[in-house]
Number of protein chains: 2
Amino acid sequence: MLKFEEYLAKVNGAISAIPYPAEPSQLYQPIAYTMALGGKRLRPVLTLMACEAMGGEADAALNAAVGLELFHNFTLLHDDVMDKAAVRRGQPTVHRRWNENVAILSGDAMLTLATQYVARVDAAVLQPVLEVFNTTAMEIYEGQQWDMDYELRAEVTEADYIEMIRLKTSVLLGCACKVGAIIAGADEANANALYEVGQNLGLAFQLQDDVLDVWGDEATFGKEIGGDIMNNKKTYLLINALNRAQGDDLGELRRWITDEYAMRQEKVPAVRAIYERLGLRQLAQEAIAAYTQKALDGLAQVDMDDDARKEFAEFINRLVNRSK
Amino acid sequence: MLKFEEYLAKVNGAISAIPYPAEPSQLYQPIAYTMALGGKRLRPVLTLMACEAMGGEADAALNAAVGLELFHNFTLLHDDVMDKAAVRRGQPTVHRRWNENVAILSGDAMLTLATQYVARVDAAVLQPVLEVFNTTAMEIYEGQQWDMDYELRAEVTEADYIEMIRLKTSVLLGCACKVGAIIAGADEANANALYEVGQNLGLAFQLQDDVLDVWGDEATFGKEIGGDIMNNKKTYLLINALNRAQGDDLGELRRWITDEYAMRQEKVPAVRAIYERLGLRQLAQEAIAAYTQKALDGLAQVDMDDDARKEFAEFINRLVNRSK
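1. Remarks on the relation of the copies chain B and chain A
Phase 1 of the analysis: Under the fitted operation, chain B is carried onto chain A by 0.0 Å of movement along the axis and a turn of 180 degrees, and the coordinates agree to an RMSD of 0.0 Å. What we have between these two chains is a two-fold relation.
Phase 2 of the analysis: When you check the interface residues of chain B against chain A, 100% turn up at the interface there too, and the contact is symmetric in its surfaces.

2. What to know about the nonpolar core
Phase 1 of the analysis: Counting residues in hydrophobic clusters, the biggest one holds 251 residues, and the most contacted among them are Leu194 and Phe312 of chain A together with Leu194 and Phe312 of chain B.
Phase 2 of the analysis: Residues contacting Phe312 of chain A, with those up to four places away along its chain left out, are Leu46, Met49, Ala50, Ala53, Cys177, Leu194, Val197, Leu299 and Met304 of chain A.

3. What about the packing of helix H6 (residues 100-118) of chain A against helix H6 (residues 100-118) of chain B?
Phase 1 of the analysis: At their nearest, the axes of H6 of chain A and H6 of chain B sit 11 Å apart, and the two run at 20 degrees to each other. In this view, H6 of chain A runs roughly parallel relative to H6 of chain B, as classed from their interaxial angle. Note on packing geometry: the crossing formed by H6 of chain A with H6 of chain B is right-handed. Here Glu100, Ile104, Asp108, Leu111, Thr112 and Thr115 of chain A of H6 of chain A come into contact with H6 of chain B, specifically with Glu100, Ile104, Asp108, Leu111, Thr112 and Thr115 of chain B.

4. Considerations on the side chain of Thr136 of chain B
All names here are of chain B.
Phase 1 of the analysis: For Thr136, the location among the structural elements is in helix H7 (residues 123-151).
Phase 2 of the analysis: Taking relative accessible area as the criterion, Thr136 reaches 2% and is therefore assigned buried.
Phase 3 of the analysis: Sequence-distant contacts of Thr136, that is, excluding residues within four places in its chain, are made with Val171, Leu172 and Cys175.

5. Focus on the side chain of Lys267 of chain B
All names here are of chain B.
Phase 1 of the analysis: For Lys267, the location among the structural elements is in helix H14 (residues 264-277).
Phase 2 of the analysis: Look at Lys267: it is buried, it has no salt bridge, and the nearest opposite charge is Asp259 at 7.7 Å.
Phase 3 of the analysis: Separated by 3.3 Å, the side chain of Lys267 and the backbone oxygen of Ile229 make a polar contact.
Phase 4 of the analysis: When residues no more than four places from it in sequence are discounted, the contact partners of Lys267 are Ile229, Met230, Asn232, Trp256, Ile257 and Ala262.

6. A short note on unusual backbone geometry
Phase 1 of the analysis: For the bond from Glu23 of chain A to Pro24 of chain A, the omega torsion is -10 degrees, close enough to zero to count as cis.
Phase 2 of the analysis: With respect to the secondary-structure elements, Pro24 of chain A resides in the loop between helix H1 (4-16) and helix H2 (25-36).
Phase 3 of the analysis: Within the chain, Arg41 of chain B stands out as a residue other than glycine whose phi angle is a positive 60 degrees.
Phase 4 of the analysis: With respect to the helices and strands, the residue Arg41 of chain B is situated in the loop between helix H2 (25-36) and helix H3 (42-53).

7. Focus on the packing of aromatic side chains
All names here are of chain A.
Phase 1 of the analysis: Applying the stated rule across the entire model yields 18 aromatic pairs over all chains.
Phase 2 of the analysis: When the centroid spacing of 5.4 Å and the interplanar angle of 80 degrees are considered together, the rings of Phe71 and Phe133 count as edge-to-face. Of the two residues, Phe71 is situated in helix H4 (residues 62-83) and Phe133 in helix H7 (residues 126-151); the sequence distance between them amounts to 62 residues. Exposure class is identical for Phe71 and Phe133. Each is buried.
Phase 3 of the analysis: Relative to Tyr236, the ring of Tyr161 has its centre 6.5 Å away and its plane inclined at 50 degrees; by these criteria the two rings are tilted. Here Tyr161, found in helix H8 (residues 158-183), pairs with Tyr236, found in helix H12 (residues 236-244); they are 75 residues apart in sequence, far enough to count as distant.
Phase 4 of the analysis: Among the residues examined, Tyr161 registers a relative accessible area of 3% and is labelled buried.
Phase 5 of the analysis: For Tyr236, a relative accessible area of 4% gives the class buried.

8. Things to note about the interface of chain B and chain A
Note on interface size: it is often stated as the accessible area lost on association of the parts.
Phase 1 of the analysis: Each partner contributes residues to the interface: chain B has 38 residues there, and chain A has 38 residues.
Phase 2 of the analysis: Surface buried jointly by chain B and chain A totals about 3500 Å² across both partners, of which 66% is contributed by carbon and sulfur atoms.
Phase 3 of the analysis: At the surface where chain B touches chain A, the tally comes to zero salt bridges.
Phase 4 of the analysis: Joining chain B to chain A, the criterion identifies 10 residue pairs in polar contact (both at pLDDT 80 or more).
Phase 5 of the analysis: Counting residues per element, the side of chain B that touches chain A draws most heavily on H7 of chain B, at 15 residues.
Phase 6 of the analysis: Here the side of chain B that touches chain A is composed, by residue class, of 22 nonpolar, 11 polar and five charged.

9. Digging into the confidence of the model for chain A
Phase 1 of the analysis: Per-chain confidence: chain A averages 96 in pLDDT, with 99% of residues scoring 70 or above.
Phase 2 of the analysis: Confidence estimates for the predicted assembly give a pTM of 0.97 and an ipTM of 0.96.

10. Concerning H6 of chain B
Phase 1 of the analysis: Compared with an ideal rise of 1.5 Å per residue, which puts 19 residues at 27 Å, H6 of chain B spans 27 Å between its outermost C-alpha atoms and is within 8% of the ideal.
Phase 2 of the analysis: N-capping of H6 of chain B is provided by Asn99 of chain B, with a side-chain oxygen placed 3.0 Å from the backbone N of Asn101 of chain B.

11. Some remarks on the pattern of salt bridges
All names here are of chain A.
Phase 1 of the analysis: What the rule picks out here adds up to 30 salt bridges over all chains.
Phase 2 of the analysis: With a closest N to O distance of 4.0 Å, Arg153 and Asp160 form a salt bridge.
Phase 3 of the analysis: Judged by its relative accessible area of 34%, Arg153 falls in the partly exposed class.
Phase 4 of the analysis: Exposure remark for Asp160: the relative accessible area of 22% places this residue in the partly exposed category.
Phase 5 of the analysis: Where salt bridges share partners, they join Asp79, Asp147, Glu151, Lys168 and Lys233 into one cluster.

Cut-offs used in this document
Residues numbered from 1 in each chain as written. Chains lettered and ligands numbered in written order. Predicted model: local features only at pLDDT ≥ 70, side-chain atom pairs only at ≥ 80, totals over all residues. Heavy atoms only, no water. Least-squares fit on C-alpha atoms with pLDDT ≥ 70 in both. Contact = heavy atoms within 4.5 Å. Core = buried A, V, L, I, M, F, W, Y, C linked by side-chain atoms within 4.5 Å. Buried < 20%, exposed > 50% of the residue type's maximum accessible area, 1.4 Å probe, protein only. Axes fitted to C-alpha atoms, helices over the stretch in contact; angles between N-to-C directions. Helix = DSSP H or I, 4+ residues; strand = E, 2+ residues; numbered from the N terminus. Parallel < 35°, antiparallel > 145°, perpendicular 65-115°, else oblique. Left-handed = near helix turned anticlockwise from the far one by under 90°. Lys, Arg positive; Asp, Glu negative; His and termini not counted. Salt bridge = Lys/Arg side-chain N within 4 Å of Asp/Glu carboxyl O. Polar contact = N/O pair within 3.5 Å; in protein donor to acceptor, adjacent residues only side chain to side chain. Phe/Tyr/Trp six-rings, centres within 6.5 Å; stacked < 30°, edge-to-face > 60°. Buried area = accessible area lost by both parts, 1.4 Å probe. Nonpolar A, V, L, I, M, F, W, Y, C, P; charged D, E, K, R; others polar. pLDDT = per-residue confidence, 0-100. Expected span 1.5 Å × (residues − 1).

If you want it as structure tokens, here you go:
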């Protein structure tokens, strides 16, 4: 079985080989720009890894893997329009670099391009691959809608939040695993078991993201810490803080949330301190550990050879223990 | 072979039977709202008609037909955001009734839903059906991008315009025909010939749309006449007028285009009169007749029984001679 870095090289090679028509340039340049911004390439790597783990050839899954990465980047592109985000991976977002219409239309084209790549699989597996891909896409839109709904809703429970990130983030990791397994010819039970592994990994991964925004090291993380705190983003931490804080802590938290002119160097440490007093760092770490364990337990149920399982487990552990 | 009205009833029945999840309501309600606004259902009817004409069962093509109508309505939904249009089929557009984020995200969901319906065909034809559907979708985005580019470009030739409407409108009619033919088991030559019929019909159809906006009867047309003129929309007529007008006509046309405060009851008849002096009504009618004839000639090349061909020809003639 190939190592993680080799999968990544394969994926990056295929992504940089995507041909874009020259014209109309405002339609295709933003897609090339978005794909060139980089990223962890987590989803396509999972697809190749799952395919080989289940006895297939990584190359047979490469186009579908690229399709999933195109899809992921399409969702980021449109989400950035909806969130009015100015920066993505350290560069101006498409709607800032060009304009909103360009971002909408090139995003649409990116979704269709993603589908074209996902559909480049053996005809024998096209129907099940498309089925999981399209179902997953619908779930991701649901997750994004819940995310926007929750920003305006007073009461959001931890369970609401977990379900939202399951839809918005985790199902695509599940899908990436399942698509690789299907292409390898895995039976439905194994493909579904690997989907669950990816989904639990996705939950651990997103919670780790929430933690890194508060306690990450700015130099290692590669972006400013505390962005979620400054935007009052309803993360696992803020939701639990609002549901658990009492007395002075609750009062102080509410003041920081409503203070539109709060300075970053004051608000971030103050809110972080409240989270720490409420034991939320520990709570989040326990949740991450629990979802990671679920992923690893699930992996033990999948029929694959022990080398493949070991490689997969290493990948999971590396991801959830990452510092960036 | 079934009559047009029966196809339409089938299509409308299937569209009203699309199940939408209740939640998240802001994601699914706009899709249901858009599909309930009605429309000619031209594309799905063409798919059913093509399928039966090529010896298939209309019902075998019904889901794919619904998928093409979902796709068409998705493009209208996102185009309305890009054009900042307030009204569609006499009702508020989605971004006005809800908001822009809802319009973007529910449009994305509509595109995936469209793909899911298109993919509900026999596994044996899934790959070629998806191939023409996805290729067509990319062409339609290109057409929309050219349309936006041309609004800001000083010089647009008639050939540029024809290529733009071919991409933005006609290829989907070609695709509707080809998908029906593929589902019926037609060979590639016949499927492609029927694609050309649909594409030429689409060109005639769009030019007729341009003509109706200027010379249509308001009561019959069902919407206000002169919308394109008031918006200085670069239609077949305005492009040819700008390229042909000289002297006083050109001066007057330019004044109307730059007069932001022009009254509808003055500008529309004045621009219409310029078009008439330049012989553009006649020119447009000749172009419509030529594309219609191409569609009918193409139809003569397709292997189908004479009843089916007669029905198809009647449908083409009715569409290009429509007054609404």
